[in-house]
Amino acid sequence: MTATPTEKYARIRGRRLAYLDFGGDGTPILALHGHFGRARMFAPSPPHSPPAAA
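Okay, so let's go over this structure. All values derive from a computational prediction rather than experimental measurement.

Helices and strands together make up the secondary structure of the chain, namely zero helices and two strands. Put simply, the chain has 54 residues, and 7% of those count as buried. Look at the contacts in the chain between residues 6 or more apart in sequence, and 14% of them connect residues 24 or more apart. On the chain, roughly 5,000 Å² of surface is accessible, and the fraction owed to carbon and sulfur atoms is 58%.

Okay, structure coming up:
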């Protein structure tokens, strides 16, 4: 996992969506922010997130 996430973009149905890639082989996490939010507000979360429930 990288310490600093890489900002990437995907075009879905004509809309450009930004996302952060923390690297690693783990299960992806989807976290949605509010209208004027930015994905960077979640940057501290993944390294401290608990393991997924089985």
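What follows concerns the packing of aromatic side chains. For the structure on display, the rule yields zero aromatic pairs. The residue whose ring lies beneath arginine 16 is tyrosine 9, and the NZ or CZ to ring-centre distance is 3.6 Å.

This part takes up the environment of proline 5. Structurally, proline 5 can be placed in the segment before strand 1 (6–12). Using a relative accessible area of 9% as the deciding quantity, one classes proline 5 as buried. Proline 5 sits 15 residues away from leucine 20 along the chain, and the two C-alpha atoms are 5.7 Å apart.

Evaluation of the coordinates by the stated rule reveals one salt bridge. Aspartate 21 is paired through a salt bridge with lysine 8; the nearest N and O atoms lie 2.9 Å apart. Note that aspartate 21 is positioned in strand 2 (residues 15–21) and lysine 8 in strand 1, a separation of 13 residues in sequence. Judged by its relative accessible area of 26%, aspartate 21 falls in the partly exposed class.

Looking now at unusual backbone geometry. A positive phi is found at arginine 13, a non-glycine position, where the angle reads about 50°. Considering the arrangement of structural elements, one finds arginine 13 in the loop between strand 1 and strand 2. Since its relative accessible area comes to 85%, arginine 13 is described here as exposed.

How each quantity is defined
Residues numbered from 1 in each chain as written. Predicted model: local features only at pLDDT ≥ 70, side-chain atom pairs only at ≥ 80, totals over all residues. Heavy atoms only, no water. Helix = DSSP H or I, 4+ residues; strand = E, 2+ residues; numbered from the N terminus. Buried < 20%, exposed > 50% of the residue type's maximum accessible area, 1.4 Å probe, protein only. Contact = heavy atoms within 4.5 Å. Areas by Shrake-Rupley, 256 points an atom, 1.4 Å probe, with all protein chains shown as cover. Phe/Tyr/Trp six-rings, centres within 6.5 Å; stacked < 30°, edge-to-face > 60°. Lys NZ or Arg CZ within 6 Å of the ring centre and 35° of its normal. Salt bridge = Lys/Arg side-chain N within 4 Å of Asp/Glu carboxyl O.

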